[in-house]
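# Structural features, examined
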Amino acid sequence: MATTAAQPATAAVTRPFGSAAALSCRECGQRYDLAPRFACEFCFGPLEVAYDFGDISREAIERGPKNIWRYAALLPVPDNVAELPNMNPGLTPLVRADRLAAELGMRALHVKDDSGNPTHSFKDRVVAMAVEAARTFGFRTLSCSSTGNLAGAVGAAAARAGFRSCVFIPAGLEEGKVVMAAVYGGQVVAIDGTYDDVNRFCSELIGDPAGEDWGFVNVNLRPYYAEGSKTLAYEIAEQLGWRLPEQIVIPIASGSQLTKIDKGFRELVALGLVEDRPYKVFGAQATGCSPVARAFEAGHDVIQPVKPDTIAKSLAIGNPADGPYVLDICRRTGGAVAHVDDAAVVDSIALLARTEGVFAETAGGVTTGVLRKLLAEGALDPQAETVVLNTGDGLKTLNAVEAGVTATIKPSLDVFKAAGLV
């Protein structure tokens, strides 16, 4: 597809990928030069970024920008990343959830609330990484397959950085997410099918000449993109006073967020930035799209794909690419993967809002619901310091909740009192 979009601005830097040294296959360990590729030529395993870290101190991080670029030395980004046009997400609140903890019988609970990012979801973190890789590789069009939040993040980041954007979504997404993806002026294309159908289409487009100057953030740029989720781990540790939580509950869509948070924790330990102590990772899915949780329950290592049927559309990936790695991490850390039905998701959204003033989208309802379920089952320790993730804003999924005006009255104090509202 021809495009007339101007080439996004670039700047000469000595290390365009910072401390990143190579791409490495997660299955066989084969290493590759840093390039827009995502699968190993030998075993078809997924590629991820490998690093040669220098000396990194807490003090240097704390002096950095009030966004994810304070961790630039741990990411595959250029030395001057903070000076480039980007959405600059991150450093979102870690809410001490004392009222929710008291209701659930927990000692210490925190909500990592990522709804405060520029497009109101954690996807701004991963897209920020992909934008810098796309800039370095000279792509002109930024694209993605998306269940909603990613489309909005790509549209916004492309507009800020000067890329053309064209994003692909399954037909039937929540209206708020469609509007947020479209308002930035890029193209939004709905595909008649599930997210997995959308993803297959994007893989075909990458192999066609029409897509040769396109950077698909979660396909050919995926190794770089996925590293953005590590910043959640870095922030949580820093916000806890440079320590790891004892337990963490993370939503599962593709599974990449969970695997990269674990990678981030392990990097902090290896660099001596936090004390090495055990932590348990718990994955959360909606019952209507729970292939990883089902595999965990059955003791299987292989994920059986499913057709999603849940209100938690941002997690509705029936064949999650990182599913097997999620199983490995949850088992290695002594955690678990669990699922809750849509009724529990809605109830948990209301609980989180009522107790902590955090209005979560459906994915946050899933993590809070799974937290409650695991506590009830005794799989999660109520005395351990725990973090639960809310990855998006409830305003994006208004169709999932029922809330509104308590009463309509005349402008009269007597009427107000008679209505029993005092």
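Each chain carries its own residue numbering, running from 1 in the direction its sequence is written. Per-residue local features of the predicted model are confined to residues with pLDDT of at least 70, and side-chain atom pairs are confined, for both listing and counting, to 80 or more; whole-chain, interface and lining totals are unaffected and use all residues. No hydrogens and no water enter the side-chain calculation; it runs on all heavy atoms of the structure.

In this section: the overall build of the chain. Scanning the chain for helices and strands turns up 14 helices and 13 strands. Taking 22 Å as the expected radius of gyration for a compact globule of 422 residues, we find that the chain reaches 21 Å, a close match to that expectation. Each principal axis of the C-alpha distribution contributes one length, and for the chain these read about 70 × 50 × 45 Å. Out of the 422 residues in the chain, the part that is buried amounts to 56%. For helices the rule is a DSSP run of H or I covering at least 4 residues; for strands it is a run of E covering at least 2, with both sets numbered from the N terminus onward. When we talk radius of gyration, it's over C-alpha atoms, and the globule rule is simply 2.2 Å times the number of residues to the 0.38. With a 1.4 Å probe rolled over the protein chains alone, any residue whose accessible area is under 20% of its type maximum counts as buried; one over 50% counts as exposed, and the rest are partly exposed.

The next subject is the environment of Pro118. Of note, Pro118 is situated in the loop between strand S5 (109–113) and helix H3 (123–137). Separated by 42 residues in sequence, Pro118 and Arg160 have C-alpha atoms that sit 11 Å apart. When near neighbours in sequence (up to four residues on either side) are disregarded, Pro118 contacts Met87, Pro89 and Asp124. Here a residue-residue contact requires only that any non-hydrogen atoms of the pair lie within 4.5 Å.

Once that is clear, we can look at the confidence of the model for the chain. Note on scores: pLDDT gives the predictor's confidence for each residue, bounded by 0 and 100. For the chain, mean pLDDT is 94; residues scoring 70 or higher make up 97% of the total. Residue range residues 1–6 is modelled with pLDDT below 50. Its contacts to residues more than four positions away, or to other chains, number 10 contacts.

What makes two strands pair is DSSP finding at least two bridges between them. In the sheet, strand S7 (residues 164–170) pairs with strand S8 (residues 187–191) via five bridges, with the strands oriented parallel. Note on S8: the bridge partner recorded for Ile169 is Ala190. By convention, orient the strands away from the viewer: a clockwise path from the first strand over the helix to the second makes the crossover right-handed. Chirality of the crossover, the property in question, places the unit of S7, helix H5 (residues 175–182) and S8 among those that are right-handed.

Quick look at the pattern of salt bridges now. Each salt bridge in this description consists of a side-chain nitrogen of Lys or Arg and a carboxyl oxygen of Asp or Glu lying within 4 Å of one another. One pass over the structure, following the stated rule, counts 27 salt bridges. Between Arg294 and Glu297 there is a salt bridge, with its nearest N and O atoms 4.0 Å apart. Residue Arg294 and its partner Glu297 are located together in helix H10 (residues 291–298), separated by three residues, close to a single helical turn. In this structure Glu297 comes out as partly exposed when scored by relative accessible area, which is 48%. Several salt bridges share partner residues, and in doing so they unite Glu48, Glu227, Lys230, Lys260, Lys263 and Glu267 into one network.

Inter-axis angles, ranging from 0 to 180 degrees, are taken between N-to-C directions of lines fitted to C-alpha atoms, where helices are fitted over the stretch in contact. For the pair H3 and helix H4 (residues 149–161), the least separation of the axes is 9 Å and the interaxial angle reads 45°. For the element pair H3 / H4, the angle class is oblique. Judged by the twist between their axes, the crossing of H3 over H4 is right-handed. Facing H3, whose interface residues are Lys123, Asp124, Val127, Val131 and Arg135, H4 presents Asn149, Leu150, Ala153, Val154, Ala157 and Ala161. Under the grouping applied here, Gly and all other residues not named as nonpolar or charged are polar, the nonpolar ones being Ala, Val, Leu, Ile, Met, Phe, Trp, Tyr, Cys and Pro and the charged ones Asp, Glu, Lys and Arg. By residue class, the composition of the contact of H3 with H4 is seven nonpolar, one polar and three charged. The labels follow the angle: roughly parallel below 35 degrees, roughly antiparallel above 145, roughly perpendicular from 65 to 115, and oblique for the rest. By convention the crossing between two helices is left-handed if the near helix lies anticlockwise of the far one by an angle smaller than a right angle, and right-handed if it lies clockwise.

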